[in-house]
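# Fold and geometry: a report
Here is what each chain is made of, one letter per residue.
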Amino acid sequence: MTICAVQEVSPGCLKLTASERPSFFIRVCYLDLLAEEKLTALISYSLTENDSQAEFSEEESADIEQAAKSFLAEKCALGYIGRAEHCRFLLSRKLEQKGFSGTPAQKALDFLESKDFLSDLRYARAFLHSRALKNEGRTRLSAELKARGVKSEDAKKALDEYFCERDESEMCIAMCNKIKKQCADETKIYAKLLRAGFQAKTIRQALKATKNLKSDSEGQ
């Protein structure tokens, strides 16, 4: 590859003009083989003014090409993040659908995570907030986050925060009362609460509590 112009457009981000292709962008941090000093040194030495060119080997050119792909993957990922929170796993799948996979995509995701543009924890919090009105138990919500590829430590922290503000037993009772309006079969009620993500002990307590409430109401 022959580079005939280099411009630093922001810290660590370069615009390169090659003789055989249109201008393109890279981040220096996306380079693996090419020494940072060799590339950034070109910034202070105006190639265009001196009518010079910088030649890069085949391996160095491949490294630059990969960095360019990472930059494009980054921009694509930012488009998705700008519309909604994403976890790394789901965003990686969306990038793959757009033709970005392997090392270029993973480097872009690493960069976005390092700058806090991408956060599994933030995604998990947003997801749980969106399910707040459903009265679902921790087991169900934990499984949903796992299915979406959220890192286990981030899922646990988000769930701890979520249930710190909510009483799971009261949520189970509320769901139990709702189901009882449509179904009187306790076995079916138990099964529905289990599918909703509540633990067996919590369900038994909810069934007992709602039964007691009904008895108290009838006795008045």
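No experiment lies behind these values; they were computed from the predicted model shown.

### A few points about the packing of helix 8 (residues 168-180) against helix 9 (residues 186-195)
One way to put it is that helix 8 packs onto helix 9 with a least axis distance of 10 Å and a crossing angle of 135°. Taken as axis vectors, helix 8 and helix 9 run oblique relative to one another. Considering how the two elements wind past one another, helix 8 and helix 9 form a crossing that is right-handed. For the pair helix 8 and helix 9, contact is made by Cys 172, Met 175, Cys 176, Ile 179 and Lys 180 and by Ile 189, Lys 192 and Leu 193, respectively.

### Comments concerning the pattern of salt bridges
Evaluated as defined, the whole model comprises 18 salt bridges. For the salt bridge of Lys 75 with Glu 74, the shortest nitrogen-to-oxygen distance reads 3.8 Å. Among the residues examined, Lys 75 registers a relative accessible area of 41% and is labelled partly exposed. With a relative accessible area of 1%, Glu 74 lands in the buried category. A salt bridge links Lys 156 to Asp 160, with the shortest nitrogen-to-oxygen separation between them at 2.9 Å. A residue pair is termed a helical-turn pair when its members lie 3 or 4 positions apart in one helix, as Lys 156 and Asp 160 do in helix 7 (residues 152-164) at four residues. Each of the salt bridges in this network shares a partner with another, and the network as a whole consists of Arg 88, Asp 110, Glu 113, Asp 120 and Lys 151.

Conventions adopted
Residues numbered from 1 in each chain as written. Predicted model: local features only at pLDDT ≥ 70, side-chain atom pairs only at ≥ 80, totals over all residues. Heavy atoms only, no water. Axes fitted to C-alpha atoms, helices over the stretch in contact; angles between N-to-C directions. Helix = DSSP H or I, 4+ residues; strand = E, 2+ residues; numbered from the N terminus. Parallel < 35°, antiparallel > 145°, perpendicular 65-115°, else oblique. Left-handed = near helix turned anticlockwise from the far one by under 90°. Contact = heavy atoms within 4.5 Å. Salt bridge = Lys/Arg side-chain N within 4 Å of Asp/Glu carboxyl O. Buried < 20%, exposed > 50% of the residue type's maximum accessible area, 1.4 Å probe, protein only.

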